[in-house]
Structures are given as structure tokens and as C-alpha cells.
Amino acid sequence: MNILFFLTPKAMCAHVDAGATIRQAMERMENSGYTALPVLDKDGGYCGVITEGDLLWALKRLCVMDIKQTENHSISEIAPRRTIQPVTVDTRVEDLVSVAAEQNFVPVVDDKGAFIGIVTRRSILKYCLERYFVCVGTNSR
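The rules behind each value
Residues numbered from 1 in each chain as written. Predicted model: local features only at pLDDT ≥ 70, side-chain atom pairs only at ≥ 80, totals over all residues. Heavy atoms only, no water. Phe/Tyr/Trp six-rings, centres within 6.5 Å; stacked < 30°, edge-to-face > 60°. Helix = DSSP H or I, 4+ residues; strand = E, 2+ residues; numbered from the N terminus. Buried < 20%, exposed > 50% of the residue type's maximum accessible area, 1.4 Å probe, protein only. Salt bridge = Lys/Arg side-chain N within 4 Å of Asp/Glu carboxyl O. Contact = heavy atoms within 4.5 Å.

Draft legend 1. Region of interest: the packing of aromatic side chains. Taken as a whole and assessed by the stated rule, the structure comprises three aromatic pairs. An angle of 65° between the planes, with centres 6.2 Å apart, marks the rings of Phe-5 and Tyr-127 as edge-to-face. Within this pair, whereas Phe-5 is found in the segment before strand E1 (7-9), its partner Tyr-127 is found in helix H4 (residues 121-139), the two being separated by 122 residues in sequence. Judged by its relative accessible area of 56%, Phe-5 falls in the exposed class. Tyr-127 gets classed as buried once you look at its relative accessible area, which sits at 12%. When the centroid spacing of 5.2 Å and the interplanar angle of 85° are considered together, the rings of Phe-6 and Tyr-127 count as edge-to-face. With a gap of 121 residues between them, Phe-6 in the segment before E1 and Tyr-127 in helix H4 connect regions that are remote in the sequence.

Draft legend 2. Just the pattern of salt bridges, in detail. This model, assessed by the stated rule, comprises four salt bridges. Ionic pairing is found between Arg-23 and Glu-27, a salt bridge with its closest N-O pair at 2.8 Å. In this pair, Arg-23 and Glu-27 both sit in helix H1 (residues 22-32), four residues apart, roughly one turn of the helix. Looking at Glu-27, the relative accessible area reads 35%, which means it is partly exposed. Put simply, Arg-23, Glu-27, Lys-68 and Glu-71 are held in one network by salt bridges that share partners.

Draft legend 3. Structural detail: the side chain of Thr-70. By the element assignment, Thr-70 lies in the loop between helix H2 (52-61) and strand E5 (87-88). On the basis of relative accessibility, which here comes to 1%, the residue Thr-70 falls in the buried class. Not counting chain neighbours up to four residues away, the residues in contact with Thr-70 comprise Thr-21, Ile-22, Arg-23, Met-26, Leu-59 and Val-64.

Draft legend 4. Seen up close, the environment of Asp-54. Within the secondary structure, Asp-54 is located in helix H2. Note: C-alpha distance between Asp-54 and Arg-81 (27 residues apart in sequence) is 6.4 Å. Filtering out sequence-adjacent residues up to four positions away, Asp-54 remains in contact with Val-49, Ile-78, Ala-79, Pro-80 and Arg-81.

Draft legend 5. Focus on the environment of Arg-122. Within the element layout of this structure, Arg-122 appears in helix H4. Of the residues examined, Arg-122 reaches a relative accessible area of 70% and is grouped as exposed. A C-alpha to C-alpha distance of 9.2 Å links Arg-122 and Ala-100, two positions 22 residues apart in sequence.

Encoded structure:
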């Protein structure tokens, strides 16, 4: 099966620009309701993922005590605690499952490194549930 079946396209994903301020990233997370966001460069290339924890530790390290001060710092000043490698569209579903076990979503890039969307752990689990466990449940009756 092709992983594009699981893809949430870029147009439907919350993300943050690499040049954004810490405040902009915080507001994007708050408005989207997500605890981690892909970071994209100005050309749409994948740069990494920023998490709430990354922001929290950056605020501590930068001694930011006021929300207004977050406007003076870029997310480029933040060192992510984890590097989240993207996958490509030709990644096998089996490999996708092992990557998704470690994080809430898996970024997907094209062959030029441009971000095209994400695969959520929820979509993979739903697929596995329907494919492998629904049949087992119906046979036990």
C-alpha cells in the first residue's frame, strides 16, 4: 500500500515558517491545538519539527519572562530536543509504522525535500485496527 493513502496534505496541516518568532509559533500551536508543528523554509522545504517542550525549554534558556519578549526571538534560536526525520512517498507502510510509534505524526517530503504533508499516528492506527483487528472481532462471535 502507498503511504499517500494516509497523507494529510500540506494545505490541511498547521505549520510554522522557519523565520517565525517564538510568539508566532506559540500562537500557531494554540490556534491549531497541536503540540508539535512542522517547520518549513520560505520555499516550502522541510526544516524540522518544533514542539511545546522545545518552546518551554527555550523560554527558560533565554530567560523570557514576558510574552512580549517572545517577539524578539526567532524559532531558529531553538535547538529541538529531538530530530524528526521525514519520510518520502515511497516509504513502506511497515517502516512508517515503526517511525510513527515514536511520534504523533510523520512528516512527508517529495524527492526534492519539499514538505507535502504529514501522516498521523491516528490514521495508521485506524488502518491497522480496521485491517487486522475488525476481522478478528467478527470471527469470534
